[in-house]
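Here is how the chains run, residue by residue.
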Amino acid sequence: MESCALTIRPLTEAELPAFVAVLCESFLTDHTELWLDFVRSTFEPGRLHGVFDDTRLVGTGQILTKQLTVPGPRVTPVAAVSGVSVAADHRRRGALSLLMRTQLHGLHESGGEPFAALWASESRIYGRFGYGLASQTCRYSLLKGADFRPGTPTSADRVRELPRAEAIPLLEAIYQKVAPSRIGWLTRGVAGWAETLADNADMRDGMSSLRFALHPEGYAVYRTKGGRDERGPNGTVSVVEVVAGTAQAYATLWRHLLDMDLARTVDVRLGIDDALVHLVAEPMNVVRTLSPGLWVRLVDLDRALTTRGYRTPVDLVLQVGDALCPWNAGRWRLHVDATGQAEVTRTNSDADLALDIVELGAVFLGGTRLSTLAAAGRVHELTEGAVARASLAFLGEQIPSCAEVF
Ligand SMILES: CC(C)(COP(=O)(O)OP(=O)(O)OC[C@H]1O[C@@H](n2cnc3c(N)ncnc32)[C@H](O)[C@@H]1OP(=O)(O)O)[C@@H](O)C(=O)NCCC(=O)NCCS
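Residues numbered from 1 in each chain as written. Predicted model: local features only at pLDDT ≥ 70, side-chain atom pairs only at ≥ 80, totals over all residues. Heavy atoms only, no water.

Student: Report on the overall build of the chain, specifying residues and quantitative values.
Tutor: Broken down by element type, the chain carries eleven helices and 21 strands. For the chain, the C-alpha radius of gyration of 23 Å lies close to 22 Å, the compact-globule estimate for 406 residues. Overall, the chain is about 65 × 55 × 40 Å in size when its C-alpha atoms are taken along their principal axes. Expressed as a percentage of its 406 residues, the buried residues of the chain come to 50%. Expressed as a percentage of contacts within the chain between residues at least 6 apart in sequence, the contacts between residues at least 24 apart total 72%. Accessible surface for the chain amounts to roughly 18600 Å². Of this, 52% is attributable to carbon and sulfur atoms. Taken as two groups, the 41 positive and 47 negative side-chain charges of the chain have centres that lie 3 Å from each other. (Helix = DSSP H or I, 4+ residues; strand = E, 2+ residues; numbered from the N terminus. Rg over C-alpha atoms; globule rule 2.2 N^0.38 Å. Buried < 20%, exposed > 50% of the residue type's maximum accessible area, 1.4 Å probe, protein only. Contact = heavy atoms within 4.5 Å. Areas by Shrake-Rupley, 256 points an atom, 1.4 Å probe, with all protein chains shown as cover. Lys, Arg positive; Asp, Glu negative; His and termini not counted. Charge placed at Lys NZ, Arg CZ, Asp CG, Glu CD.)

Student: Any chance you could break down the pairing of strand β13 (residues 235-244) for me, citing the residues and the numbers?
Tutor: Of all ten residues in β13, nine are buried, a share of seventy percent or more. Relative to strand β14 (residues 263-271), β13 is paired through five bridges, and the arrangement is parallel. From the neighbouring strand, V239 faces β14, where its bridge partner is V268. You can see the chain leave β13, run along helix α6 (residues 247-258) and come back into β14, and the turn it takes is right-handed. (Pairing = 2+ DSSP bridges. Right-handed = clockwise from strand over helix to strand, strands pointing away.)

Student: Requested: an account of the pattern of salt bridges, with residues and values cited.
Tutor: Within the structure shown, the criterion is met by 16 salt bridges. The partner of R188 in a salt bridge is E241, and the shortest N-O contact between them spans 2.8 Å. Residue R188 is located in the loop between α4 (164-178) and α5 (190-196), and its partner E241 is located in strand β13; the two are separated by 53 residues in the primary sequence. A relative accessible area of 6% means that E241 is categorised as buried. Here the salt bridges share partners, and the residues they tie into one network are R164, D199, R204 and R223. (Salt bridge = Lys/Arg side-chain N within 4 Å of Asp/Glu carboxyl O.)

Student: Account for the domain arrangement of the chain, naming residues and giving values.
Tutor: Entries for the chain in the domain assignment read domain 1 (6-113), domain 2 (137-291) and domain 3 (301-394). Between the C-alpha centres of domain 1 and domain 3 the distance comes to 30 Å. Between domain 1 and domain 3, the contact holds 14 residues from the first and 13 residues from the second. Summing the contributions of domain 1 and of domain 3, the shared interface buries around 1100 Å²; its carbon and sulfur component is 61%. Joining domain 1 to domain 3, the criterion identifies zero salt bridges. Across the contact surface, domain 1 and domain 3 share eight residue pairs in polar contact (both at pLDDT 80 or more). (Domains from an automatic or database assignment. Buried area = accessible area lost by both parts, 1.4 Å probe. Polar contact = N/O pair within 3.5 Å; in protein donor to acceptor, adjacent residues only side chain to side chain.)

Student: So what's going on with the site of the ligand? Residues and values would help.
Tutor: Within the structure, the ligand sits among 21 residues, and V86, R92, G94, S97 and S121 are positioned closest to it. At a separation of 2.9 Å, a nitrogen atom of the ligand approaches a polar backbone atom of V84. Note that an oxygen atom of the ligand is positioned 3.4 Å from one of the backbone N or O atoms of A95. When the ligand is considered free in solution it has 900 Å² of accessible area, and contact with the protein chains removes 78% of it. For the shell around the ligand, the secondary structure elements donating two or more residues are β4 (74-86) and α3 (95-110). The residue inventory of the shell around the ligand, partitioned by class, reads ten nonpolar, five polar and six charged. (Near = heavy atom within 4 Å. Nonpolar A, V, L, I, M, F, W, Y, C, P; charged D, E, K, R; others polar.)

Student: Outline the sheet that holds strand β6 (residues 132-133), supporting the account with residue identities and numerical values.
Tutor: Spatial strand order, β1-β2-β3-β4-β5-β16-β6: seven strands in an open sheet with mixed pairing. Looking along the sheet, the strands with just one partner apiece sit at the ends: β1 (6-10) and β6. Examined bridge by bridge, β4 and strand β5 (residues 115-119) share two bridges and lie parallel to one another. Each bridged residue has a counterpart across the sheet, and for A79 the counterpart in β5 is A116. Against the sheet, α3 makes contact with β1, β2 (48-53), β3 (56-70), β4 and β16 (294-298), and its axis sits at roughly 155° relative to β4, the strand it touches most. (Axes fitted to C-alpha atoms, helices over the stretch in contact; angles between N-to-C directions.)

Student: Describe the sheet that holds strand β19 (residues 342-346), naming the residues involved and giving the relevant values.
Tutor: An order of β19-β18-β17-β20-β21 is seen for the five strands of this open sheet, with the pairing classed as mixed. The open sheet is flanked by β19 and β21 (380-381), the only strands paired with a single partner. In terms of strand pairing, strand β18 (residues 330-336) meets β19 through five bridges, oriented antiparallel. Along β19, the bridge assignment pairs L334 with V344. On top of the sheet, helix α11 (residues 386-393) reaches β17 (314-321), β20 (353-356) and β21; it is set at about 100° to β17, its chief contact.

Here it is as structure tokens:
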């Protein structure tokens, strides 16, 4: 590694064009103007850092202030890490390492969000900085007309297609009602909606503008693409999201999407155990492709572990390793009472489990099982039965899923 003296500091609003230039180059795109508009709308002073080689900006990264539903379910602040990029000619010289350290130490010193989350462009990047894979996402592909199981309850209320301006306030109200009970969902502010409903022609990948299907208790946002081949119409319905407060509304919206004339396939990205698989008569015909979802990093493990609720009472001593954030390292007692509330304190008692902060991040949302990590040799059981007890306690109400890529 060639050495160069890199420095880091927060960027000002006037430096956003330089930030976007590095970001776009890193992400192999020319969409600078689009990104600049978006970055301006999400700018939070003091939370967007630039790494400099002398006076040249060569690396970037920001923390977005967001809230996430964690097991309990509880809605809690999360440091949403985004905009991470390093100029092509400055890679592997420690710019990202400097950024990660600055972000995590800054959150610790300021008493900011107790945990951070991000989407990784590549899975190998963030483990070394203490991020664990906490959720997975799944692309589902169904054939048009896929039957539901007999007896699936749909609702008598019709689904209406509405123009964008009329639909948005209704979407917001429904989402706000549903999100607090769904593990992994983000509370959606102006920026979250702008990102989810971004509809610039350059970003549609040949598909239609967004369409909005509304039910009194749910909605679907989707795009379409027409087409024909020798077998007839082969259009695509590409679903951005389906949000519903009741099982009937969910099934009714999916019936609407699956019965779109001239379509052949319907695809969507959802959590890995979505109810959709259990709505259809032939789950084997739903093609599923898994990919990594949210990565979570505990900034202060005692503060983070007490923000969430637990499934079962447990009393365990954890031996934790954390090279980047040494204030987390050492032995901690995790005591969960009968209501699912945790207390986390320093202890000198013998440990029941030994693991790294990465593994605690991975199990934090209840999506990755501690027992699975133990089977992969990543968690060490020092007291018989400790893995099983901890594994159960860390489960959430649902397997987490996060719809928004930030
Ligand atoms: C990913 C990226 C930010 C890494 O930045 P960087 O400044 O090169 O990273 P660092 O020099 O601090 O690397 C730290 C360590 O991580 C490793 N590493 C960094 N990026 C890696 C990658 N993509 N794959 C595997 N290892 C990687 C380095 O080899 C180094 O390892 P070492 O400590 O054993 O020497 C940069 O390559 C980039 O901008 N990529 C394109 C945009 C992108 O993917 N951004 C991330 C969005 S989530």
